[in-house]
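# Tertiary structure, described
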Amino acid sequence: MPGSTKVMGVLTVGGLVVVTAYTVALGSSGWLWFGWVVIGLITLAMVVSRST
């Protein structure tokens, strides 16, 4: 996995932790979860495009 894909993976997992902590502490925010899903889909696309 190239460096940029690894960085995106780390950001995606880190974002999940942050969004989950925010949700537990302050309540759910649809925009945060939407943003995390978008980042996750971009990361997935990067992984798929690198493996082909």
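For every chain, the first residue of the written sequence is number 1, and numbering continues from 1 along that sequence. At least 70 in pLDDT is required for a residue's local features to be given in this predicted model, at least 80 for side-chain atom pairs to be given and counted, and no such filter applies to totals for whole chains, interfaces and linings, which use all residues. Only hydrogens and water are set aside; all other atoms, that is, all heavy atoms of the structure, feed into the side-chain values.

This brings us to helix H1 (residues 3–26). In this model H1 runs 34 Å from its N-terminal to its C-terminal C-alpha over 24 residues, within 8% of the 34 Å that 1.5 Å per residue would give. Where H1 is concerned, the buried positions are Thr5, Met8, Thr12 and Val19. If you follow the buried residues of H1, they end up packed against helix H2 (30–51). Just downstream of H1, Gly27 is the residue with a positive phi angle, here 105 degrees. Numbering of helices and strands runs from the N terminus, with a helix taken as a DSSP run of H or I at least four residues long and a strand as a DSSP run of E at least two residues long. Expected helix span is given by 1.5 Å per residue-to-residue step, counting one fewer step than there are residues. Residue exposure (1.4 Å probe, protein chains only): buried if accessible area is under 20% of the type maximum, exposed if over 50%, otherwise partly exposed. Any two residues whose heavy atoms approach within 4.5 Å are treated as being in contact.

UniProt records the feature "transmembrane region" (unreviewed entry) at residues 7–25 and 31–49, using the numbering of this structure. Strand forms 0% of residues 7–25 and helix 100%; the C-alpha atoms that close the span are 27 Å apart. Annotated as residues 31–49, this span is 100% helix and 0% strand, and its ends, taken at the C-alpha atoms, are 27 Å apart. UniProt positions are given in the numbering used here, feature names are shortened, and annotations may be inferred rather than shown by experiment.

Turning our attention to a nonpolar patch on the surface. Residues with no salt bridge and a relative accessible area higher than 30% make up the patches, which join like charges within 9 Å and nonpolar side chains (Val, Leu, Ile, Met, Phe, Trp, Tyr) within 5 Å. Exposure was quantified through the Shrake-Rupley algorithm and a 1.4 Å probe, taking into account, for residues, occlusion by the shown protein chains and nothing else. What makes a salt bridge here is a side-chain nitrogen of Lys or Arg within 4 Å of a carboxyl oxygen of Asp or Glu, nothing more. Together, Trp31, Phe34, Val38 and Ile42 line one region of the surface with nonpolar side chains, adding up to about 460 Å² of accessible area. Position of Trp31 relative to the elements: it lies in helix H2.

Think of it this way: a Phe, Tyr or Trp ring, Trp meaning its six-membered ring, pairs with another when their centres are within 6.5 Å, and the plane angle makes it stacked under 30 degrees, edge-to-face over 60, tilted otherwise. Enumeration according to the criterion identifies two aromatic pairs in this entry. Each ring, one from Trp33 and one from Trp36, has its centre 6.4 Å from the other, and the planes form 80 degrees; the classification is edge-to-face. In this pair, Trp33 and Trp36 are both assigned in helix H2, three residues apart and thus about one turn of the helix distant. Using a relative accessible area of 22% as the deciding quantity, one classes Trp36 as partly exposed.

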